[in-house]
Amino acid sequence: MDNQKIAIIGLGRIGSAFLRNMLGRRERGVELVGVAESGDTPGRQLALDAGLAVVTLDQIVAMGSGVDILFDLTGIPAVRREIREKLMAQGNHHTVIASETIARLIWAMTSDDDLPVIAGRSTGY
């Protein structure tokens, strides 16, 4: 089976925990091809320590079909709209945008730990 090439947007509490889990899955068919975080978060440092480049959303979108699944873990609906619009503008019908809901499902299947919960945060698409 080919590796699933994933990118993560947002390395706050949830994105950082998810990144840590995905780093442990590299040899199991997960290839992290990009992470984006605009703030100075522990997840940003975790990515850098793991040898990942922290890039912009535009740089991840420019990867085109080099990204199979783009996890939007920002919790910001405007960012999700921006991602969709940028993918559509490039004619990218390959990359799937996975919301925090999908990240929580994957987390439940791959970890015994609890993924952080942010009160009042919408996790839907």
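For the structure, check the block above.
Residues numbered from 1 in each chain as written. Predicted model: local features only at pLDDT ≥ 70, side-chain atom pairs only at ≥ 80, totals over all residues. Heavy atoms only, no water.

### What to know about the pairing of strand E1 (residues 4–9)
Here is step 1: In terms of strand pairing, E1 meets strand E2 (residues 30–36) through six bridges, oriented parallel. In the strand pairing of E2, lysine 5 is matched with glutamate 31.
Here is step 2: The sheet contact formed by E1 and strand E4 (residues 69–72) spans four bridges and is parallel. Residue pairing across strands places isoleucine 9 opposite aspartate 72, the latter belonging to E4. (Pairing = 2+ DSSP bridges. Helix = DSSP H or I, 4+ residues; strand = E, 2+ residues; numbered from the N terminus.)

### Regarding the packing of helix H1 (residues 13–23) against helix H2 (residues 42–49)
Here is step 1: Between H1 and H2, the shortest axis-to-axis distance is 9 Å and the interhelical angle comes to 20°. Comparing the axis directions of H1 and H2 gives the class roughly parallel. By crossing handedness, the relation of H1 to H2 is classed as left-handed. Between H1 and H2, the residues in contact are Ser16, Leu19, Arg20 and Leu23 and Pro42, Gly43, Leu46 and Ala47, respectively.
Here is step 2: Per-class residue counts for the contact of H1 with H2 are five nonpolar, two polar and one charged. (Axes fitted to C-alpha atoms, helices over the stretch in contact; angles between N-to-C directions. Parallel < 35°, antiparallel > 145°, perpendicular 65-115°, else oblique. Left-handed = near helix turned anticlockwise from the far one by under 90°. Contact = heavy atoms within 4.5 Å. Nonpolar A, V, L, I, M, F, W, Y, C, P; charged D, E, K, R; others polar.)

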